[in-house]
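Survey of secondary and tertiary structure
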Amino acid sequence: MGSLDFVSDALMDGRRFRTLCVVDDHSREALAVVVDTSMSGQRVARELDRLIRHRGKPDMIVSDNGTELVSHAILPWTQETGIGWHYIAPGKPTQNAFVESFYGRLRDECLNEHIFGNLAKARHIIENWNLSVN
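The model shown is predicted, which means the values in this text are computed figures rather than measured ones.

Let us now look at the pattern of salt bridges. In the structure shown here, the tally under the stated rule is eight salt bridges. Its salt-bridge partner being Arg107, residue Asp9 comes within 3.5 Å of it at the nearest N-O pair. Linking Asp9 in strand β1 (residues 2–10) with Arg107 in helix α3 (residues 97–109), this pair joins segments that are 98 residues apart in sequence. What makes Arg107 partly exposed here is its relative accessible area of 26%.

Structure follows, in structure tokens:
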């Protein structure tokens, strides 16, 4: 089983960016860390397809019910792949504890420690941090 969620931060100029993280609930390894200014359901599905090609298919994915995760892209994706999708109860992040724990570390050890001048720099710093903790 895997869990996923988003965390937001800002560049030096105030523009917001989001980080999608997919965590393996068994190993607690962050399988993917994707940084961009926005992420649609289609983008999430593409990132999950890429992950499946490299790591195999999980039985279930756990997430909150954010707009990109209840979109018209994710429902057909789950039907096509046969992967179950469990939405946690609204306002209950502890039901997605593995990814929330990862995001706490990401925020404390990386996001709060850096000022990101641009999106490319944010990607580089966050991806390198993830490689160092996995």
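Moving on, we get to the packing of aromatic side chains. For the structure shown, the criterion picks out five aromatic pairs. A ring pair is formed by Trp85 and Tyr87, whose centres lie 6.2 Å apart and whose planes are at 40 degrees; its orientation type is tilted. Judged by relative accessible area, Trp85 falls into the buried class, the value being 14%. Using a relative accessible area of 31% as the deciding quantity, one classes Tyr87 as partly exposed.

Turning our eyes to something else, we now look at the nonpolar core. The tendency in soluble globular proteins is for nonpolar side chains to be buried side by side. Phe17, Phe102, Leu106, Phe116 and Ile126 are the most contacted members of the largest nonpolar core, which has 20 residues in total. Going through the elements one at a time, β2 (16–24), β3 (30–36), α3 and α4 (119–133) are the ones with two or more residues in this core. Sorting elements by how many residues they give to this core places α4 first, with five residues. By size, the runner-up hydrophobic cluster in this structure holds 17 residues, among which are Leu4, Val44, Leu48 and Leu51.

Right, let's get into the sheet that holds β3. An order of β3-β2-β1-β4-β5 is seen for the five strands of this open sheet, with the pairing classed as mixed. Of all strands in the sheet, those bounded by a partner on one side alone are β3 and β5 (84–87). Averaged over all pairs of adjacent strands, the angle between their axes in this sheet comes to 20 degrees, without regard to strand direction. As defined by bridge partners, strand β4 (residues 60–63) adjoins β5 across four bridges and the pair is classed as parallel. Counterpart to Ser63 in the pairing with β5 is Tyr87. In the packing of helix α1 (residues 41–55) onto the sheet, contacts are made with β1, β2, β3, β4 and β5, and the angle to β3 comes to roughly 150 degrees. α3 rests against β1, β2 and β3 of the sheet, and its axis sits at about 30 degrees to β1.

Reading the values: the criteria
- Residues numbered from 1 in each chain as written.
- Predicted model: local features only at pLDDT ≥ 70, side-chain atom pairs only at ≥ 80, totals over all residues.
- Heavy atoms only, no water.
- Salt bridge = Lys/Arg side-chain N within 4 Å of Asp/Glu carboxyl O.
- Helix = DSSP H or I, 4+ residues; strand = E, 2+ residues; numbered from the N terminus.
- Buried < 20%, exposed > 50% of the residue type's maximum accessible area, 1.4 Å probe, protein only.
- Phe/Tyr/Trp six-rings, centres within 6.5 Å; stacked < 30°, edge-to-face > 60°.
- Core = buried A, V, L, I, M, F, W, Y, C linked by side-chain atoms within 4.5 Å.
- Pairing = 2+ DSSP bridges.
- Axes fitted to C-alpha atoms, helices over the stretch in contact; angles between N-to-C directions.
- Contact = heavy atoms within 4.5 Å.

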